[in-house]
Protein chains: 4
Amino acid sequence: MSGASGAAERPLRADAARNRAKLLDIATQVFATRGIGVPTEEIARAAGVGVGTLFRHFPTKEALLEAVMVRRLETITAKTAQLAAEAEPAEAFFACFRLVVEQSAGKAEFTRALAAAGVDVHASLQESTTVMRAQLAELLAAAQRAGAVRPELGLPELIALIVGTGTATEQLATDPVARERVFDVVFGGLRPH
Amino acid sequence: MSGASGAAERPLRADAARNRAKLLDIATQVFATRGIGVPTEEIARAAGVGVGTLFRHFPTKEALLEAVMVRRLETITAKTAQLAAEAEPAEAFFACFRLVVEQSAGKAEFTRALAAAGVDVHASLQESTTVMRAQLAELLAAAQRAGAVRPELGLPELIALIVGTGTATEQLATDPVARERVFDVVFGGLRPH
Amino acid sequence: MSGASGAAERPLRADAARNRAKLLDIATQVFATRGIGVPTEEIARAAGVGVGTLFRHFPTKEALLEAVMVRRLETITAKTAQLAAEAEPAEAFFACFRLVVEQSAGKAEFTRALAAAGVDVHASLQESTTVMRAQLAELLAAAQRAGAVRPELGLPELIALIVGTGTATEQLATDPVARERVFDVVFGGLRPH
Amino acid sequence: MSGASGAAERPLRADAARNRAKLLDIATQVFATRGIGVPTEEIARAAGVGVGTLFRHFPTKEALLEAVMVRRLETITAKTAQLAAEAEPAEAFFACFRLVVEQSAGKAEFTRALAAAGVDVHASLQESTTVMRAQLAELLAAAQRAGAVRPELGLPELIALIVGTGTATEQLATDPVARERVFDVVFGGLRPH
DNA sequence: TATGAATGAGGTTTCATTCAT
DNA sequence: TATGAATGAAACCTCATTCAT
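Residues numbered from 1 in each chain as written. Chains lettered and ligands numbered in written order. Predicted model: local features only at pLDDT ≥ 70, side-chain atom pairs only at ≥ 80, totals over all residues. Heavy atoms only, no water.

Section: the overall build of chain A
Looking only at helices and strands, chain A has 10 helices and 0 strands in total. Going from the N terminus to the C terminus, chain A shows its helices and strands as α-α-α-α-α-α-α-α-α-α. Across the 193 residues in chain A, those meeting the buried criterion constitute 44%. Within chain A, contacts between residues at least 6 apart in sequence are counted, and of these 67% link residues at least 24 apart. Total accessible area computed for chain A in this model is approximately 9,800 Å², and 55% of it derives from carbon and sulfur atoms. (Helix = DSSP H or I, 4+ residues; strand = E, 2+ residues; numbered from the N terminus. Buried < 20%, exposed > 50% of the residue type's maximum accessible area, 1.4 Å probe, protein only. Contact = heavy atoms within 4.5 Å. Areas by Shrake-Rupley, 256 points an atom, 1.4 Å probe, with all protein chains shown as cover.)

Encoded structure:
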């Protein structure tokens with residue numbers, strides 16, 4: 001398991017890899033803060049490369065967006081797996097819920113794309129979301145068996161709640177205390193009544 | 001009560017008024033179903049008028065969007081006021097929460113605009129949101145006095161939760177049962193532990 | 001037969017019609033002299049309108065090209081029909097051959113497009129070429145019955161020869177005498193040996 | 001034979017020479033089948049080398065095109081010289097006419113470039129065409145002296161007819177019989193009436 | 001020397017907004 | 001006043017050519 005999940009087809013030259021990474025980083029950030037409407041050229045400029053380079057790496061704006069989302073999902077899934085392995089079911093469930101929410105927070109469009117996940121995505125993205133869904137399903141089931149979460153809750157609702165909580169906390173970016181109270185409410189509601 | 005909230009400058013000829021109303025109706029619907037990215041021309045065509053007419057009534061695309069939101073907010077505020085007057089504090093609070101969520105549901109862009117409410121809106125929208133915020137603040141306070149809602153919850157969190165719940169239910173559009181479970185969770189969490 | 005062949009779907013405002021015509025004229029000329037590679041914007045500028053106007057009338061560069069060709073074909077077919085009606089079979093055949101060649105002369109790309117006629121064209125162009133082919137077939141048959149043209153010649157060869165003669169005369173643009181000798185050769189070869 | 005026609009500046013390493021040859025072969029073929037619009041990169045890929053290598057050998061896309069044409073002309077000139085030496089004037093003339101046409105057939109862009117020959121070409125191409133023109137002039141004169149070709153025909157018309165016949169036969173690629181009839185017509189027309 | 005990543009000018013097309021009819 | 005044609009600033013994307021590896 002030495003190769004990371006993204007496993008490039010060919011080794012990719014050092015500078016090319018650097019550029020690709022830089023582009024993904026910048027795009028993630030720019031899409032998050034300014035929405036997916038930003039001109040491709042601006043992302044290229046922010047990354048310090050020409051448009052041509054961007055389009056060599058991501059042949060389409062949509063492809064760039066997808067790559068951003070895939071990478072983000074992969075990061076989350078990796079952290080989730082770790083958390084799930086290390087903690088008790090109940091603790092793991094809530095920690096992961098918070099993790100996913102926080103990783104997506106501030107990235108409105110991304111959140112929306114995650115929302116559309118089950119619907120019409122391309123192969124690579126499909127794959128990433130499938131992994132994440134499987135993880136969440138497992139965490140949920142374990143937490144329910146442990147009596148820490150309402151037994152009637154299904155996976156779709158869980159995902160909807162995660163996305164919703166992301167939207168909610170996004171608006172409270174400047175007020176950590178209020179954000180914590182939002183988690184209190186949602187987590188409180190998730191526990192058996 | 002001749003001067004409605006929008007304060008009409010001049011009486012507006014009958015057909016002009018009809019056009020304006022039609023445009024608002026169509027725009028509400030089109031923005032909701034196809035996103036705010038739709039060409040202005042398409043909205044005009046759907047409303048059966050020329051683009052010129054549209055721009056005569058709303059000097060900017062943004063102005064149209066704002067008008068759509070203002071009208072929606074006004075509708076909601078009116079219904080909220082009615083509910084608040086007719087029901088017990090606790091009942092009124094939850095009914096209004098659900099009302100606002102459902103009125104915004106399926107209108108992702110609108111939800112986001114509502115989210116941005118406290119930040120950078122234009123005068124007319126500012127006014128509408130202020131009214132709504134006042135209503136919600138009152139409902140919240142009353143419900144808390146009645147012991148039906150956690151006492152530590154503030155208005156910002158409440159609004160964030162409404163918006164978040166809107167996002168969440170939006171994704172469960174086809175599954176009313178799941179949607180109801182989302183409300184169960186959120187409402188459960190809102191009550192004192 | 002009051003309506004011209006092009007029969008606009010809707011009356012089209014006076015200025016719009018003027019612009020459309022101007023664009024077609026300019027495009028015909030520019031494509032002819034500089035090839036189909038010229039930027040669309042240049043055609044718009046030459047016609048004294050903005051790019052937007054060009055694209056309102058012809059939603060695609062290809063559409064513009066097609067329109068240019070259709071109009072040219074229609075002009076030719078009309079003149080051909082007149083010639084065919086007025087002259088004896090032999091005379092008509094050769095006059096039309098020359099007419100088609102000369103109308104296409106100097107328009108290399110157009111000639112090539114005409115060449116591709118039977119192959120992959122869009123509806124409107126298909127229609128125009130079909131008419132022209134029918135005319136040529138009739139002229140050829142009549143001339144052959146009159147003993148003025150080799151009896152074994154088929155329509156495909158005739159068209160190929162027209163296109164080829166067009167290419168040939170195009171190169172002799174500055175030397176009318178030489179061009180006439182090319183016609184002598186081809187016409188001589190067309191007659192029964 | 002160290003100084004080949006192109007006058008190699010330096011001996012050129014064996015692999016470099018192989019690459020150059022491969023590039024010319026592939027380019028000839030690709031330009032012929034897909035037009036001169038194909039991206040340079042595609043030609044490089046088809047030849048199994050990087051773009052950099054292509055541009056080392058041919059500093060410009062135009063230079064590559066020119067090299068392709070020069071080589072083609074050289075091939076034709078060589079074959080023409082052989083034919084001219086081996087056959088009677090009349091036979092040689094018609095055989096060479098057909099040869100030139102067929103060597104250019106299916107290479108529309110090339111034909112056009114040949115057509116532009118007398119006009120604005122670069123040195124190396126100029127040279128090649130000059131040789132070919134001299135050969136054709138000689139063949140024509142001999143055939144006219146032998147009474148096999150109309151005496152009034154000049155070199156420009158001959159070249160125009162060759163190019164035109166090339167265009168004509170190109171369109172009949174799938175019908176050898178029709179193509180033969182085109183030659184019958186042109187050859188018939190070339191003979192004294 | 002060969003490679004292919006990077007560059008960026010330029011091409012086509014869209015769309016908010018203005019203005020002649 | 002209503003219409004929809006005209007406008008032109010961008011947006012996305014391609015490709016000849018350069019240059020680091």
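Alright, that's what it looks like, and here's the rest.
Side note on the protein's contact with DNA strand E
Around DNA strand E, 33 residues are found, and the nearest of them are Asn19, Thr53 and Arg56 of chain A, Thr40 of chain B together with Thr53 of chain D. Among the atoms of DNA strand E close to the protein, meaning within 4 Å, 67% are from sugar or phosphate groups. One of the side-chain nitrogen or oxygen atoms of His57 of chain A is found 2.9 Å away from a phosphate oxygen of DNA strand E. One nitrogen or oxygen atom from the side chain of Thr53 of chain D is found 2.6 Å from a phosphate oxygen belonging to DNA strand E. For the surface near DNA strand E, the leading source of residues is helix H3 (residues 51–57) of chain A, giving 5 residues. Class assignment of the residues belonging to the surface near DNA strand E gives a composition of 11 nonpolar, 14 polar and 8 charged. (Near = heavy atom within 4 Å. Polar contact = N/O pair within 3.5 Å; in protein donor to acceptor, adjacent residues only side chain to side chain. Nonpolar A, V, L, I, M, F, W, Y, C, P; charged D, E, K, R; others polar.)

Examining the packing of aromatic side chains
By convention here, two paired aromatic rings are described through the distance between centres and the angle between planes. For the coordinates displayed, the defined rule picks out 20 aromatic pairs over all chains. Ring geometry for Phe97 of chain B versus Phe187 of chain B: centroids 5.4 Å apart, planes at 85°, classification edge-to-face. Highlighted residues: Phe97 of chain B in helix H5 (residues 89–104) and Phe187 of chain B in helix H10 (residues 176–190), separated in sequence by 90 residues. Exposure class is identical for Phe97 of chain B and Phe187 of chain B. Each is buried. The interplanar angle of 85° and the centroid separation of 5.1 Å between the aromatic rings of Phe93 of chain D and Phe94 of chain D together place this pair among those described as edge-to-face. By relative accessible area, which is 10% here, Phe94 of chain D ends up buried. Taken together through their ring pairs, the aromatic side chains of Phe93, Phe94, Phe97, Phe183 and Phe187 of chain A make up a single cluster. Over the face of the ring belonging to Phe94 of chain B we find Arg191 of chain B, whose NZ or CZ atom lies 4.6 Å from the ring centre. (Phe/Tyr/Trp six-rings, centres within 6.5 Å; stacked < 30°, edge-to-face > 60°. Lys NZ or Arg CZ within 6 Å of the ring centre and 35° of its normal.)

A word on the interface of chain A and chain B
Across the boundary between the two partners, chain A contributes 28 residues, which contact 28 residues of chain B. Across the interface of chain A and chain B, roughly 2,200 Å² is buried in total on both sides, 68% from carbon and sulfur atoms. At the junction of chain A with chain B, the criterion picks out 2 salt bridges. Residue Arg181 of chain B pairs with Glu157 of chain A through a salt bridge whose shortest N-O separation is 2.5 Å. Counting across the interface, chain A meets chain B through 7 residue pairs in polar contact (both at pLDDT 80 or more). Among the elements of the structure, helix H6 (108–115), helix H9 (155–170) and helix H10 (176–190) of chain A are those that each provide at least two residues to the side of chain A that touches chain B. Here the side of chain A that touches chain B is built from residues that sort into 15 nonpolar, 6 polar and 7 charged. (Buried area = accessible area lost by both parts, 1.4 Å probe. Salt bridge = Lys/Arg side-chain N within 4 Å of Asp/Glu carboxyl O.)

Considering the protein's contact with DNA strand F
What surrounds DNA strand F is a group of 30 residues, the closest being Thr53 of chain B, Asn19, Thr53 and Arg56 of chain C together with Thr40 of chain D. Within 4 Å of the protein, atoms of DNA strand F come from sugar and phosphate in 67% of cases. Gly52 of chain C has a polar backbone atom sitting 3.4 Å from a base nitrogen of DNA strand F. The separation between a phosphate oxygen of DNA strand F and a polar side-chain atom of Arg56 of chain C is 2.3 Å. If you list the elements that add at least two residues to the surface near DNA strand F, you get helix H3 (51–57) of chain B, helix H1 (14–34) and helix H3 (51–57) of chain C together with helix H3 (51–57) of chain D. Here the element with the most residues in the surface near DNA strand F is H3 of chain C; it accounts for 5 residues. Its residues placed into classes, the surface near DNA strand F shows 10 nonpolar, 13 polar and 7 charged.

A word on the pattern of salt bridges
Summed over the entire model, instances satisfying the criterion amount to 26 salt bridges over all chains. Between Asp25 of chain B and Arg71 of chain B there is a salt bridge, with the nearest N and O atoms lying 2.8 Å from each other. Pair noted here: Asp25 of chain B is in helix H1 (residues 14–34) and Arg71 of chain B is in helix H4 (residues 61–86), with a separation of 46 residues, a long-range link. Given the relative accessible area of 41%, Asp25 of chain B is considered partly exposed. Linking Glu180 of chain C and Arg98 of chain C is a salt bridge whose minimum nitrogen-to-oxygen distance equals 2.6 Å. Residue Glu180 of chain C is located in helix H10 (residues 176–190), and its partner Arg98 of chain C is located in helix H5 (residues 89–104); the two are separated by 82 residues in the primary sequence.

Here we look at the UniProt feature "DNA-binding region" (unreviewed entry) in chain A
Under the local residue numbering, the UniProt record ascribes the feature "DNA-binding region" (unreviewed entry) to residues 39–58 of chain A. Helix makes up 75% of residues 39–58 of chain A and strand 0%, whereas the separation of the span's terminal C-alpha atoms amounts to 14 Å. (UniProt positions renumbered as here; feature names shortened; annotations may be inferred.)

A short note on the environment of Leu190 of chain A
Mapped onto the elements, Leu190 of chain A comes out in helix H10. For Leu190 of chain A, the contacting residues outside a window of four places in its chain are Phe93, Phe94, Phe97, Ala148, Val149, Arg150, Leu153 and Leu161 of chain A together with Val185 of chain B.

What about the environment of Ala137 of chain C?
With respect to the element layout, Ala137 of chain C can be found in helix H8 (residues 123–145). Sequence spacing of Ala137 of chain C and Leu158 of chain C is 21 residues, and the spatial spacing of their C-alpha atoms is 8.9 Å.

Regarding the relation of the copies chain A and chain B
Overlaying chain A on chain B yields an RMSD of 0.3 Å, the required transformation being a rotation through 179° with an accompanying axial translation of 0.2 Å. On this basis, the relationship between the two copies can be described by a two-fold rotation axis. When the interface residues of chain A are mapped onto chain B, 100% of them again fall at the interface, so both copies present the same face. (Least-squares fit on C-alpha atoms with pLDDT ≥ 70 in both.)

Side note on the confidence of the model for chain A
Detail in the predicted coordinates should be disregarded across regions flagged by low pLDDT. Residues and elements named next belong to chain A. With 84% of its residues at a pLDDT of 70 or more, chain A shows a mean pLDDT of 85. At the level of individual helices and strands, chain A shows its lowest average pLDDT in helix H7 (residues 117–120), which scores 44, and its highest in H10, which scores 97. Contacts of residues 1–8 to residues separated by more than four positions or lying in other chains number 2 contacts, the stretch itself having pLDDT below 50. (pLDDT = per-residue confidence, 0-100.)

Some details on the packing of helix H9 (residues 155–170) of chain B against H10 of chain B
All names here are of chain B. One can describe the packing of H9 onto H10 by two numbers: an axis separation of 10 Å at closest approach and a directional angle of 160°. Between H9 and H10, the angle is such that the two are roughly antiparallel. As H9 runs across H10, the sense of the crossing is right-handed. Here Leu161, Thr165, Ala168 and Thr169 of H9 lie close against H10, whose contacting residues are Arg179, Val182, Phe183, Val186 and Leu190. Broken down by class, the residue content of the contact of H9 with H10 amounts to 6 nonpolar, 2 polar and 1 charged. (Axes fitted to C-alpha atoms, helices over the stretch in contact; angles between N-to-C directions. Parallel < 35°, antiparallel > 145°, perpendicular 65-115°, else oblique. Left-handed = near helix turned anticlockwise from the far one by under 90°.)

Quick notes on the packing of helix H1 (residues 14–34) of chain A against helix H4 (residues 61–86) of chain A
All names here are of chain A. In contact at an axis separation of 10 Å, H1 and H4 are set at 90° when each is read in the N-to-C sense. Looking at the two axes, H1 sits roughly perpendicular to H4. Between H1 and H4, the residues in contact are Ala21, Leu24, Asp25, Ala27, Thr28 and Phe31 and Lys61, Leu64, Leu65, Ala67, Val68, Arg71 and Arg72, respectively. The residue inventory of the contact of H1 with H4, partitioned by class, reads 8 nonpolar, 1 polar and 4 charged.

Here we look at the nonpolar core
Among the nonpolar cores identified, the biggest contains 104 residues, and Leu190 of chain C together with Leu190 of chain D are the most heavily contacted of them. Counting 87 residues, the second largest nonpolar core, distinct from the first, contains Leu23, Ala47 and Ala178 of chain A together with Ala92 of chain B. (Core = buried A, V, L, I, M, F, W, Y, C linked by side-chain atoms within 4.5 Å.)

So, H1 of chain C
Residue and element names in this part refer to chain C. The terminal C-alpha atoms of H1, which comprises 21 residues, lie 30 Å apart, in line with the 30 Å expected from a rise of 1.5 Å per residue. Those residues of H1 lying buried are Ala16, Leu23, Leu24, Ile26, Ala27, Thr28, Val30, Phe31 and Ala32. Among the residues trailing H1, Gly35 stands out with phi positive, at a value near 90°. (Expected span 1.5 Å × (residues − 1).)

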